[in-house]
Amino acid sequence: MITLSRIGQSIHSSPTLKINEKAAQLRAQGESVIHLGGGEPKSCAPFGAIVAASNLLNSGEIRYTPSAGTPALRKAIVDYTQTFYRQEITPKNVIASNGAKQAIMTALLAIIDPGDEVIFPAPYWVSYPEMVSLCGGVSRVVNPESGYIPTIKAFEAAISPKTKAIILNSPNNPSGLTYPESLVSDLVQLCERRDLWLIMDDIYHRLTFDGYPMLSCFDYAQSFDERSKLVVINGISKQYAMTGFRIGWAVASPVLIQAMNNIQSHFSSGPSALLQHAAVAALTGPQSSVESLRLTLQNQRDVLVDLARSIPGLKVEKPHGTFYSFIDFSAYEKSSHKLAEYLINSVRVATVPGLDFGMEGHLRISYCGSMKDIVEGFRRISWALGADGSDEIEIGGKRVRRAECIK
Ligand code: PMP
Ligand code: GLU
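Our subject in this report is the structure included herewith. (Residues numbered from 1 in each chain as written. Chains lettered and ligands numbered in written order. Predicted model: local features only at pLDDT ≥ 70, side-chain atom pairs only at ≥ 80, totals over all residues. Heavy atoms only, no water.)

**Observations concerning the sheet that holds strand β9 (residues 324-328)**
The three strands are arranged β9-β12-β11 in an open sheet whose pairing can be described as antiparallel. Looking at the sheet topology across the chains shown, the edges are occupied by β9 and β11 (352-353). Of the strand pairs in this sheet, β11 and strand β12 (residues 362-366) are connected by two bridges, and their pairing is antiparallel. Residue pairing for β12: V352 is matched across the bridge by R364. (Pairing = 2+ DSSP bridges. Helix = DSSP H or I, 4+ residues; strand = E, 2+ residues; numbered from the N terminus.)

**Considerations on helix α10 (residues 273-284)**
For α10, spanning 12 residues, the distance from its first C-alpha to its last is 17 Å, which sits close to the expected 16 Å at 1.5 Å a residue. Burial of α10 is extensive: nine of the 12 residues sit out of reach of the surface. Residues of α10 that are buried include every one of A273, L274, Q276, A278, A279, V280, A281, A282 and L283, and no others. Here α10 starts with a cap whose side-chain oxygen sits 3.2 Å from the backbone nitrogen of L274, and that cap is S272. (Expected span 1.5 Å × (residues − 1). Buried < 20%, exposed > 50% of the residue type's maximum accessible area, 1.4 Å probe, protein only. Polar contact = N/O pair within 3.5 Å; in protein donor to acceptor, adjacent residues only side chain to side chain.)

**A look at the site of ligand 2**
As a matter of local geometry, ligand 2 sits amid S14, T16, L17, G39, K101, W125, N173, Y204, K238, Y324 and R364. Taking R364, its side chain carries an N or O atom lying 2.8 Å from an oxygen atom of ligand 2. Taken by itself ligand 2 offers 280 Å² of open surface, and the protein chains cover 89% of this. Residue composition of the shell around ligand 2, grouped by class: four nonpolar, four polar and three charged. (Near = heavy atom within 4 Å. Areas by Shrake-Rupley, 256 points an atom, 1.4 Å probe, with all protein chains shown as cover. Nonpolar A, V, L, I, M, F, W, Y, C, P; charged D, E, K, R; others polar.)

**Quick notes on the nonpolar core**
Judged by nonpolar contacts, the single largest core of 80 residues is most densely connected at L108, V231, I327, F329, I365, F378 and I381. Per element, the largest residue contribution to this core is seven residues, and it comes from helix α5 (residues 99-111). Not counting residues within four places of it along the chain, the set of residues in contact with V231 comprises A107, W197, L198, I199, M200, A250, V251, A252 and L256. (Core = buried A, V, L, I, M, F, W, Y, C linked by side-chain atoms within 4.5 Å. Contact = heavy atoms within 4.5 Å.)

Written out as structure tokens, the structure is:
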């Protein structure tokens, strides 16, 4: 008999990655699937990054790197922090990891003891609760009174003697909203006052629309020095459409970075030399692909919001950034899992249930695919909800009758 550890038994697989697999599986079976559940832009990685990786690959000189990342990558992250956060740091403040995911996980491992509490607001990225559990910690979710933005008072009320850290992701996956500057600055100051770690997950910070500013949490901190408990997470996955390259990073006090490096040196060593090399080229090369991605996403967001708002009963907040919208479908179905199942089974549209992000009644709908997919996806969703009156729909060359679609 196989007996698994507490962790082995209790950690669930990532629902966002699972939906990618399900969509790919159905497509491989010849089904006409519209994937509105994804979490990655479809544009190409910057050409310079591809050339850099190919050149290094061709040289055959692909070795271990320092476990915190190559000097060139750490220097590029130092420069990035100066450019986008107006904050001077040194390579000692930087660790590069296998994606922002590993950077967050390693930071939590270095901060959290079993029983410690970590606070984050709902809706939250699916991995935070599982990462906290992996450390033996306890998640404390702050729920907004209405909408998607909790008050600073709600954060304060969630703090207990066991609280060690707060995580904030802005712009937010899944709501697409940015937290107001006043809340970010209040949180930085609250964490300083109460001696808590603040992990700012800024993975979408360059993908904002309509002039929403890229906030720099350093601006609100008293100082950023050896004793600072501010941790800033970022990476190349989203802004450069390089999800599969798996390079992310953390910027923090050298004390935390050293502890994270010790952990990472046993967990995975440094990220792949090849992919770090590509990341340096992305970070230091022409930046036009980021702006072009941002504009494409903003355009797609506009179309998605119009389509979603044309369906009676849906509550749609216009995203300020990212490539997600978090739509309230509760007028049609309260159980987000039931609704997501129904949409994939009946009209082959993949979405992610809101419950996985800590908010029932919603679906996360991505607009990082093609415009064609967004339009076709909403044609199908509208029909599946009964909003377009007709009894039949054509899906991938087949006629589907409403009577055959059981919710
Ligand atoms: N944070 C958030 C909020 C995300 O949506 C993601 C997406 N995967 C990550 C972190 C991790 O990104 P990466 O691909 O760099 O691991
Ligand atoms: N962060 C993306 C998402 O939320 C990618 C999947 C993942 O890493 O969980 O869909």
